[in-house]
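# Tertiary structure, described
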Amino acid sequence: QVQLVESGGGLVQAGGSLRLSCAASISTFSIGAMGWYRQAPGKQRESVATIWPGGTTNYADSVKGRFTISRDNAKNIVYLQMNKLKPEDTANYYCKITSSRTGMDYWGKGTLVTVSA
């Protein structure tokens, strides 16, 4: 049974920072890619950032230069450092991990980030 628990969301003023964490409770499979997605009200879920086991990263254009994704492979935790936050960053943020053995995706329940103008 895989469980993902996100934390770190909250209310912040524009220009501020937050750090999201996602801890994966796993049984016996290897984690491949780890990523963060977000979904704003009335919009589709979109990819924010992804990190692969070797450290390669990918970011949405809208967050490049402001957000940084990182992972602790020993603890199965993925982080998202968000700086210079904008009101348009307001959304529910979800983490996703992919099993490197089966290719199955696992999602967290989300954490709300609200950025006030």
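In the block above lies the structure referred to throughout.
Quick caveat, the model's predicted, so the values are computed rather than measured.

## Observations regarding the nonpolar core
In this structure, Trp36, Leu80, Met82 and Tyr93 are the most contacted members of the largest nonpolar core, which totals 29 residues. Listed by contribution, the elements that provide at least two residues to this core are strand 3 (18-25), strand 4 (31-39), strand 5 (46-51), strand 7 (67-72), strand 8 (77-82), strand 9 (91-99) and strand 11 (111-116). Residue contacts for Tyr93: discarding those within four places in its chain leaves Glu6, Leu20, Trp36, Tyr37, Arg38, Val48, Phe67, Leu80, Met82, Gly110, Thr111 and Val113.

## With respect to the side chain of Arg71
Examined against the element boundaries, Arg71 turns out to sit in strand 7. Within the structure, Arg71 has its side chain in polar contact with the backbone oxygen of Ile51 (distance 3.1 Å). A distance of 2.6 Å separates a polar atom in the side chain of Arg71 from a polar atom in the side chain of Asn73. Beyond its immediate sequence surroundings of up to four residues, Arg71 is in contact with Ile31, Gly32, Ala33, Met34, Ile51, Trp52, Pro53, Ile77 and Val78.

## Topic: the pattern of salt bridges
Enumeration according to the criterion identifies five salt bridges in this entry. For Asp89, the salt bridge is made with Arg38, and the minimal N-O distance between the two is 2.9 Å. Of this pair, Asp89 sits in the loop between strand 8 and strand 9 while Arg38 is found in strand 4, placing the two residues 51 residues apart along the sequence. With a shortest N-O distance of 3.1 Å, Lys64 and Asp61 are connected by a salt bridge.

## Looking at the packing of aromatic side chains
According to the stated counting rule, one finds one aromatic pair in the structure shown. Seen in terms of ring centroids, Tyr37 and Trp107 are 4.9 Å apart; in terms of plane orientation they differ by 65 degrees. Their pairing is edge-to-face. You can see Tyr37 sitting in strand 4 and its partner Trp107 sitting in strand 10 (residues 105-107), a full 70 residues away along the chain. Relative accessible area serves as the criterion here: at 16%, Tyr37 is assigned to the buried category. Classification of Trp107 by relative accessible area gives partly exposed; the value is 37%. The ring of Tyr94 carries Arg45 above its face, with NZ or CZ at 3.8 Å from the centroid. Stacked on the ring of Trp107, the Lys or Arg Arg45 has its end atom at 4.7 Å from the ring centre.

## Describing unusual backbone geometry
In the Ramachandran plot, Asn76 falls in the positive-phi region, its phi being about 55 degrees despite a non-glycine side chain. For Asn76, a relative accessible area of 19% puts it in the buried group. Residue Lys84 is not a glycine yet carries a positive backbone phi of 50 degrees. One can find Lys84 in the loop between strand 8 and strand 9. According to the relative accessible area criterion, Lys84 is exposed, its value standing at 57%.

## Notes on the side chain of Lys96
Mapped onto the elements of the fold, Lys96 is located in strand 9. The exposure class of Lys96 is buried, given its relative accessible area of 14%. Of note is the side chain of Lys96, whose polar atom sits 3.0 Å from the side chain of Tyr37. Residues contacting Lys96, with those up to four places away along its chain left out, are Leu4, Ala33, Met34, Gly35, Tyr37, Asp105, Tyr106 and Trp107.

Thresholds, definitions, all that
Residues numbered from 1 in each chain as written. Predicted model: local features only at pLDDT ≥ 70, side-chain atom pairs only at ≥ 80, totals over all residues. Heavy atoms only, no water. Core = buried A, V, L, I, M, F, W, Y, C linked by side-chain atoms within 4.5 Å. Buried < 20%, exposed > 50% of the residue type's maximum accessible area, 1.4 Å probe, protein only. Helix = DSSP H or I, 4+ residues; strand = E, 2+ residues; numbered from the N terminus. Contact = heavy atoms within 4.5 Å. Polar contact = N/O pair within 3.5 Å; in protein donor to acceptor, adjacent residues only side chain to side chain. Salt bridge = Lys/Arg side-chain N within 4 Å of Asp/Glu carboxyl O. Phe/Tyr/Trp six-rings, centres within 6.5 Å; stacked < 30°, edge-to-face > 60°. Lys NZ or Arg CZ within 6 Å of the ring centre and 35° of its normal.

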